[in-house]
Amino acid sequence: MALEIVVITGMSGSGKSVALHALEDAGYYCVDNLPPELLPAFVALEHKHHGNRVAIAVDVRSATSLHQVPQELSRLRSQGVAVKSLFLDATIDTLVRRFSETRRRHPLSHDDLQQGRRALVQIIELERELLAELREQSHVIDTSTIRASQLQSYVKGLMSTAQGQLTLVFQSFAFKRGIPMDADYVFDVRMLPNPHYEAALRDLTGLDQPVADFLDLQPDVALMRAHIEQFLAHWLDMLDRNHRSYVTVAIGCTGGQHRSVYLVERLAQAFSDRWTALKRHRELDGR
């Protein structure tokens, strides 16, 4: 079997340890905070002694050598190694809150005096700059509003997809809880007829057949679905030729319960014959 490597990187406080534990549960041999200059030797050693699936966490603690990571990953791919790169991200407010709750010091903070909010925000912005190139080359998961169990499920789902094939991630969300940072495309469907105002449908979701039946009968819903499908069908081949591994399409409505959920289900079904299509329902999955 070909060697498979998953590189977990991202912002401090974004959940890298949670993702690494999920991969460990899935049978990967995992190591945290590996210095990038040791990556080639480590990969060779682990392939020899621990099998074919390895997960490595690399982050800003190796700031002086982070620039080596993209080059090393490209070299490994050229040698036939299957490399997947995941970047975990979150909003500044979320990261500041997490550091405040855990009382942990940021890896780039030189002393405890720099842990005030203003200084911490500046440190986080510096970290984002240092990791920008890695983020650009990775599949991004926004952990701002999801639970640890959701992140574990998302990571395991991504690892189950075929290597070398474009994977579409369709995600429903509520605008009132913010737009997902990991979205490549965002479609606003709040103008569509809302099942929330139908008494018999209010407590249901877009996964329930009565809601789907209601939305199936709405001409504007069918038109929106057709327009999104047409747009994606036109550009996905070009994205695939550009060697994109993942494309995240976010569909948002007011509460993330009905319209966006319904459209994610329909769109994933429509594109599953041509591409690998994953579904996420940010608000429903977090219940």
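You'll find the structure just up there.
Figured I'd write up the structure that's included with this text. Predicted model, so just to flag it, every value in this text is computed and none were measured. Throughout, residues of each chain are indexed from 1 in the direction in which the sequence is written. Residue-level local features of this predicted model are given only where pLDDT is at least 70; pairs of side-chain atoms are given and counted only at 80 or more, and the full residue set underlies all totals for whole chains, interfaces and linings. Only hydrogens and water are removed before side-chain values are computed, so all heavy atoms of the structure are retained for them.

**Concerning the packing of helix α1 (residues 16-25) against helix α7 (residues 148-159)**
(1) Moving on: Where α1 meets α7, the closest approach of the two axes is 9 Å, and the angle between their N-to-C directions is 50°. By the angle between their axes, α1 is oblique relative to α7. For α1 against α7, the interelement crossing comes out right-handed. Contact residues: Val18, Ala19, Ala22, Leu23 and Asp25 in α1; Ala148, Leu151, Gln152, Val155, Lys156 and Met159 in α7.
(2) Moving on: Residue polarity is assigned by list, with Asp, Glu, Lys and Arg as charged and Ala, Val, Leu, Ile, Met, Phe, Trp, Tyr, Cys and Pro as nonpolar; anything else, Gly included, falls into the polar class. Looking at the contact of α1 with α7, its residues break down into eight nonpolar, one polar and two charged. Fitting a line to C-alpha atoms yields each axis, with helices limited to the stretch in contact; the angle taken between N-to-C directions then spans 0 to 180 degrees. Under the scheme used here, helices are H or I runs from DSSP no shorter than 4 residues and strands are E runs no shorter than 2 residues, and both carry numbers assigned from the N terminus. Here is the rule for angles: anything less than 35 degrees is roughly parallel, anything more than 145 is roughly antiparallel, 65 through 115 is roughly perpendicular, and the remaining ranges are oblique. Helix crossings fall into two classes, left-handed where the near helix is turned counterclockwise from the far one by less than a right angle and right-handed where it is turned clockwise. Here, residues are in contact when the closest pair of their heavy atoms is within 4.5 Å.

**A word on the pairing of strand β8 (residues 246-253)**
(1) Moving on: Each residue gets one of three labels from its accessible area relative to the maximum for its type: buried under 20%, exposed over 50%, partly exposed in between, using a 1.4 Å probe on protein chains only. Within β8, eight of the eight residues are buried, which leaves the element mostly enclosed by the surrounding structure.
(2) Moving on: Here β8 shows no split at all, with Tyr246, Thr248, Ala250 and Gly252 on one side and Val247, Val249, Ile251 and Cys253 on the other all buried.
(3) Moving on: Paired strands are those between which DSSP finds at least two bridges. Note: strand β6 (residues 167-174) against β8, eight bridges, orientation parallel. Of the residues in β8, the one forming a bridge with Gln171 is Ala250.
(4) Moving on: With four bridges joining them, strand β7 (residues 185-188) and β8 adopt parallel strand pairing. Within the sheet, the bridge partner assigned to Phe187 lies in β8 and is Ile251.

**Here's the deal with helix α9 (residues 219-241)**
(1) Moving on: Here the expected span of a helix is defined as 1.5 Å times the quantity of residues minus one. In this model α9 runs 34 Å from its N-terminal to its C-terminal C-alpha over 23 residues, within 8% of the 33 Å that 1.5 Å per residue would give.
(2) Moving on: At Trp235, α9 is bent by approximately 35°, the largest bend along its length.
(3) Moving on: For α9, the set of buried residues is Val221, Met224, Ile228, Leu232, Leu236 and Leu239.
(4) Moving on: A positive phi of about 65° marks His243, the residue just after α9. The reported bend at a residue is simply the angle between two axes, fitted to the 7 residues ending at it and to the 7 residues beginning with it.

**Digging into the packing of aromatic side chains**
(1) Moving on: For this analysis, a ring pair means two rings from Phe, Tyr or Trp (six-membered ring only for Trp) whose centres lie within 6.5 Å, classed as stacked if their planes differ by under 30 degrees, edge-to-face if by over 60, and tilted for the remaining angles. Enumeration over the complete set of coordinates arrives at four aromatic pairs.
(2) Moving on: With 4.8 Å between their ring centres and 55° between their planes, Phe173 and Phe175 make a pair best called tilted. When sorted by exposure, Phe173 lands in the same class as Phe175, which is buried.
(3) Moving on: Ring centres of Tyr185 and Phe231 lie 5.3 Å apart, and the angle between their planes is 80°; on these two criteria the pair is classed as edge-to-face. Here Tyr185 is found in strand β7, whereas its partner Phe231 is found in helix α9, with 46 residues between them in sequence.
(4) Moving on: With a relative accessible area of 23%, Tyr185 lands in the partly exposed category.
(5) Moving on: By relative accessible area, Phe231 is classed as partly exposed at 31%.
(6) Moving on: Taken together through their ring pairs, the aromatic side chains of Tyr185, Phe187 and Phe231 make up a single cluster.
(7) Moving on: Remark: a charge is flagged as sitting over a ring if the NZ atom of Lys or the CZ atom of Arg is within 6 Å of the ring centre and within 35 degrees of the ring normal. When the ring centre of Phe175 is taken as origin, the NZ or CZ atom of Arg190, which lies over that ring, is 3.7 Å away.

**Remarks on the sheet that holds strand β9 (residues 276-281)**
(1) Moving on: Spatially, four strands are ordered β7-β8-β6-β9 in an open sheet, and the strand pairing comes out parallel. With one partner strand each, in any of the chains shown, β7 and β9 form the two edges of the open sheet. Across the sheet, the axes of successive neighbouring strands diverge by a mean angle of 20°, strand direction being ignored.
(2) Moving on: Each of β6, β7 and β8 is contacted by α9, which is oriented at about 170° to β7, the strand it contacts most.
(3) Moving on: Across the sheet, helix α10 (residues 259-271) is in contact with β6, β8 and β9; its angle to β6 comes to roughly 170°.

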